[in-house]
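Remarks on the overall topology
Listed below, chain by chain, are the residues.
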Amino acid sequence: MSKRTKGIICIIVSAFCFAMMNTFVRLSGDLPSVQKSFFRNFVAMFIALGVLLRSGGGFRMQKGCLPLHLLRSGLGTLGILCNFYAIDHLVLANASMLNKMSPFFVLVFSFFILKERMQPVQVAIVVTAFVGSLFIIQPVPDNLELFPSLMGFAGGMCAGFAYTMVRAMGLRGERGPFIVFFFSAFSCAVTLPYLLLHFAPMTARQLLMLLGAGLSAAGGQFTITTAYTFAPGREISVYDYTQIIFSTLIGYLVFQQVPDVWSWVGYVLIVGAAIVMFLYNNGKLGKEAQA
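Residues numbered from 1 in each chain as written. Predicted model: local features only at pLDDT ≥ 70, side-chain atom pairs only at ≥ 80, totals over all residues. Heavy atoms only, no water.

**Regarding helix H2 (residues 33-55)**
In this model H2 runs 32 Å from its N-terminal to its C-terminal C-alpha over 23 residues, within 8% of the 33 Å that 1.5 Å per residue would give. Backbone geometry just after H2 places Gly56 at a positive phi near 85°. (Helix = DSSP H or I, 4+ residues; strand = E, 2+ residues; numbered from the N terminus. Expected span 1.5 Å × (residues − 1).)

If you want it as structure tokens, here you go:
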């Protein structure tokens, strides 16, 4: 099996894990998003700690990465809270798709923060994806799901900023397991005070669902990290959008959810933009290799 095939399999497994995380979050019922976020990251923190200790290198941080870790963790935590709120109030596929705006925000933030150039084709792709998100959000006054949709969009934006910080740390040689551990520990630390003051009693079933969300999130984080060790993002990133297929199927089978026609238009535009970007990146890099 080639490394590229292994990378594709890992990223599809990651997409399934994140779809299951969203499902467990929804199944955990009417609990505060902060409480859900804490348990999700609490489980992931210990799994990341185990991987970190096993990989060696201890808790050594690369020079100059602390501000990037804090920005990544702060915006990443905010993104999770927004995403969990959207999951609780929207069709599962809509919440997942709005969160998948993050790769397009990575392009935008990389342009402004990392000074990475954007070609006209990439600008058009980003604009198309944003137009697609409007079909899902449906910003009209009588839309009762407008606020949850905006929260989902904000979650994707925060995740895009967080991933930009991850990219910046990667360029400085920071280790993936340490990035995951720092983020999980930071998120638990900032949500713990709220949890202690406003803890909502949980049934055994709700606790089990949140533990499932944490295990799924950890599985998603590590399989997507493994995927990118097998193959570069330009070759496999588009397969991450299989999460929309998983979320749509789970939403229908478990919650009897069916997205409306405008949401489907948004899905087509966003996934289409992702596919065009995938083809453009590979074609562009192929031309550079031949030059």
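**A few points about unusual backbone geometry**
You will see that Lys115, though not glycine, has its phi angle at about 60°, which is positive. Since its relative accessible area comes to 64%, Lys115 is described here as exposed. The phi torsion at Gln256 lies on the positive side, around 55°, for a residue other than glycine. Given a relative accessible area of 59%, Gln256 falls into the exposed group. (Buried < 20%, exposed > 50% of the residue type's maximum accessible area, 1.4 Å probe, protein only.)

**Some details on the packing of H2 against helix H8 (residues 176-197)**
Two elements in contact, H2 and H8, have axes whose closest approach is 8 Å; the angle formed by their N-to-C orientations is 145°. For the pair H2 and H8, the sense of crossing is left-handed. When its residues are assigned to classes, the contact of H2 with H8 shows 19 nonpolar, six polar and one charged. (Axes fitted to C-alpha atoms, helices over the stretch in contact; angles between N-to-C directions. Left-handed = near helix turned anticlockwise from the far one by under 90°. Nonpolar A, V, L, I, M, F, W, Y, C, P; charged D, E, K, R; others polar.)

**Some words on the side chain of Ser37**
Tracing the chain through its elements places Ser37 in helix H2. Given a relative accessible area of 0%, Ser37 falls into the buried group. Not counting the four nearest positions on each side in its chain, Ser37 is found in contact with Ile80, Leu81, Phe84, Ser187 and Thr191. (Contact = heavy atoms within 4.5 Å.)

**Quick word on the pattern of salt bridges**
If you walk through the whole model with that rule in mind, you get three salt bridges. With its nearest N and O atoms 2.7 Å apart, the salt bridge here joins Asp240 to Lys100. A residue pair is termed long-range when its members are at least 10 positions apart, and Asp240 in the loop between helix H10 (233-236) and helix H11 (242-255) and Lys100 in the loop between helix H4 (92-99) and helix H5 (102-112) qualify at 140 residues. The same class applies to Asp240 and to Lys100, which are both buried. With a closest N to O distance of 2.8 Å, Glu116 and Arg167 form a salt bridge. Of this pair, Glu116 sits in the loop between H5 and helix H6 (120-137) while Arg167 is found in helix H7 (residues 146-171), placing the two residues 51 residues apart along the sequence. (Salt bridge = Lys/Arg side-chain N within 4 Å of Asp/Glu carboxyl O.)

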